[in-house]
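Here is how the chains run, residue by residue.
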There are 2 protein chains.
Amino acid sequence: MYEKKEKKSVETGNGLTSLAELGEFGLIERLTRNVKRYHPETLKGIGDDAAVIDAGNKVILLSTDLLVEGIHFDLTYMPFKHLGYKAAVVNISDIAAMNGVPKQMTVSIAVSSRFSAEALDELYAGVVMACDKYKVDLVGGDTSSNIKGLMISVSIMGEAKKEEVIYRSGARPGDLLCVTGDLGSAYIGLLILEREKSVFQVDPNMQPELSGFDYQIGRQLRPEARTDIRNLLIGTGIRPTSMIDISDGLASEILHICKQSGVGCKLFEEKIPMDEYTRELAKEYKIIPSVAALSGGEDYELLFTVKQEDYDKIKDIAGITIIGHMTATTEGKFMITPDGKAIPLTAQGWDGMKGR
Amino acid sequence: MYEKKEKKSVETGNGLTSLAELGEFGLIERLTRNVKRYHPETLKGIGDDAAVIDAGNKVILLSTDLLVEGIHFDLTYMPFKHLGYKAAVVNISDIAAMNGVPKQMTVSIAVSSRFSAEALDELYAGVVMACDKYKVDLVGGDTSSNIKGLMISVSIMGEAKKEEVIYRSGARPGDLLCVTGDLGSAYIGLLILEREKSVFQVDPNMQPELSGFDYQIGRQLRPEARTDIRNLLIGTGIRPTSMIDISDGLASEILHICKQSGVGCKLFEEKIPMDEYTRELAKEYKIIPSVAALSGGEDYELLFTVKQEDYDKIKDIAGITIIGHMTATTEGKFMITPDGKAIPLTAQGWDGMKGR
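Caption draft 1: Highlighting the overall build of chain A. If you tally the helices and strands in chain A, you get twelve helices and 14 strands. By principal-axis analysis of the C-alpha atoms, chain A measures approximately 55 × 55 × 50 Å. Put simply, chain A has 356 residues, and 54% of those count as buried.

Right, dumping it as structure tokens:
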């Protein structure tokens, strides 16, 4: 879904503004500035993981995501079935991020004539597999020719009780910042796949060396959505104050919560949960391990905040890690390193970390 | 939205099935054959203008449509603002075709770097203009880079009372077949635009000659959705037994109703409502005028059936024309010419009419 972030627009020489320099978030901000709301039942429009629409005794959640060949996936190493599965999962994750239950999905594809029906069979087999796992009804879509490449557009509807919905905007100073699972492996998986692709391009007889990297590659090619967290939290009686899924990287998602909630944060680097082998691989790739988590993205874990008084309830839950806490907005947004340095969090965490 | 139509799959030489020969409807049939339904509130999935989801005291309608550059539109003559307007309208029309009220919309775009932010401003201005006219909330979307060209994916939610929803499947033998407005002009508008484009390509100094064709070009570049029909019918006390919007051409849409309802039909050629000047222009282009209506598409009028007993109520309503009636499925699907010949209706009406 659209996510808003401030960025200045940049004028090009011809008086027109280039999309590259405006950036995705800047573009969305600009394009949607004149949007009005006509229906009171539209409780939340642009600016969260999903729109929220009042339907009487419950709310409907609506989200949509595009996957474009050459931008979001590379068919050199992405099997069609995995691609279909992932296209479904990234949308299901948006519903999980609102604390909703995914229900119905539409899948639209635009394909050039280079694709066979058998390839699309595999793609849809992946979609159907995800629908089966997450109990989502595939209720429609559209198919079209494309001049070049493959594009998948998925829309998803979910539901929740009105009081169950968790927005990005509910975090308050003092709230604990928590994350599910571990981070950074999807990005390391991507680096491994890209490396083996380069090797293959130099010598097509080379077999890719992917054994031993199952976890990292699996996280990249076949992510899962954390729809289980909803029930886990209900079971413990914890109600997060804000929530978002980690599609773009931990830093970017924390900043979304900070902005929407009007708070600052302190993130503790050593608390960021990462697979041990992923940490080692990151070092092999000359990357500070935490940067893979902060800026890698595509982990589809959930990031959320809970009230401090829930500390005892949450601290021992397996698979959930407290990684920091929210502060007053005047205190800024920082990551604290193990040696006590405070580094400003930036969505371009990659650049922001260069100096270290 | 997906629409199903029977077509044999065709094996290519390499043992794979080419998409071109399979056709859109054949492909959808094939890709969605393994789809299951998990939620009883999904009242209707694939196979109508929109999916229908039970939400307690009402139903939610969900539909989606793709517009791909080079396939659905040509930026040589399609201004960005019109494109945005049309992308919204074709989705709104799907909700009108279910007898629902359009409510919320998501708009996703994939764009190559050749586009400026100003071009997309215009595109969104068109979307916002349609949202304003039809009172639809733009609640989200996604933006992405694209390797080549522009792609727009719109999803729309609407609502209706459960008993108000009109499916394609409710027509019965004896029902009257009716259509709103007039047909064929959008297609003639396209031919005019294509002609002027060819002239321009030969001599870029030539000014396109579009004056005098306002109606036809307007129907192509800036169609409207017939959301007004819902209230008109409520006012007269008529409840259609089946309904569909005319996006692919009258013949194709009649066949959808026949197939989903399990009925046949008799369509009377002379009854097909057409703008007089559109008829003349069709002849100039060496096209039998009715063929522009039968196969041209993009008129976004509504095609519906009513019970015979509603004849007196419907016969004098301005802007609605009775064009035929439904028959037993064993009687076939025919168009009756003014001289009494019965021509089988085919979705490829164009080919089917060649012999005349």
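There's plenty left to go through after this.
Caption draft 2: Inspection of the sheet that holds strand β14 (residues 342–344) of chain A at higher detail. All names here are of chain A. Strand order in the open sheet formed by seven strands is β9-β11-β8-β12-β10-β13-β14, and the pairing between neighbours is mixed. Edge positions in the sheet fall to β9 (242–245) and β14, since each of these pairs with one other strand and no more. Neighbour to neighbour, the strand axes of the sheet diverge by 25° on average, direction disregarded. Where strand β10 (residues 263–268) meets strand β12 (residues 320–328), five bridges bridge the pair, whose relative direction is antiparallel. Within β12, the position partnered with Leu 267 by the bridge is Gly 324. Against the sheet, helix α8 (residues 250–261) engages β9, β10, β11 (302–306) and β13 (333–336), with an angle of about 150° to β10.

Caption draft 3: Just the pairing of β11(A), in detail. Residue and element names in this part refer to chain A. Taken across its five residues, β11 has five buried, putting it largely inside the fold. In the sheet, strand β8 (residues 176–180) pairs with β11 via four bridges, with the strands oriented antiparallel. Bridge pairing in β11 links Val 179 to Leu 303.

Caption draft 4: Representation of the relation of the copies chain B and chain A. Overlaying chain B on chain A yields an RMSD of 0.0 Å, the required transformation being a rotation through 180° with an accompanying axial translation of 0.0 Å. These values place the two chain copies in the arrangement generated by a two-fold rotation axis. An overlap of 100% is found between the interface residues of chain B and their copies at the interface of chain A, pointing to a shared contact surface.

Caption draft 5: How the structure looks around the sheet that holds strand β14 (residues 342–344) of chain B. All names here are of chain B. Taken together, the seven strands give an open sheet; going across it, the order is β9-β11-β8-β12-β10-β13-β14, and neighbouring strands pair in mixed fashion. Both outer strands of the open sheet, β9 (242–245) and β14, are each paired with one neighbouring strand and no more. Across the sheet, the mean angle separating the axes of adjacent strands is 25° when strand polarity is ignored. Sheet strands touched by helix α8 (residues 250–261): β9, β10 (263–268), β11 (302–306) and β13 (333–336). Its angle to β10, the strand with the most contacts, is close to 150°.

About the criteria used
- Residue numbers restart at each chain and count upward from 1, following the sequence in its written direction.
- Here chains are named by letter from A upward and ligands by number from 1 upward, in the order in which they appear as written.
- Note on the predicted model: pLDDT of at least 70 is required for a residue's local features to be given, and 80 or more for side-chain atom pairs to be given and counted; whole-chain, interface and lining totals, by contrast, use all residues.
- Only runs of H or I of at least four residues qualify as helices and only runs of E of at least two qualify as strands under DSSP, and these elements are numbered from the N terminus.
- Buried, partly exposed and exposed are defined by the number of other C-beta atoms within 10 Å of a residue's own C-beta, namely 20 or more, between the two limits, and 12 or fewer respectively, with C-beta atoms placed from the backbone.
- Strand pairing is defined by DSSP finding a minimum of two bridges between the two strands.
- Axes here mean lines fitted to C-alpha atoms, for a helix over just the part in contact, with angles spanning 0 to 180 degrees between N-to-C directions.
- Any residue pair is listed as a contact if its two C-beta atoms, each placed from the backbone, are within 7 Å.
- Here the copies are matched by least squares. The fit uses the C-alpha atoms of residues with pLDDT of at least 70 in both.

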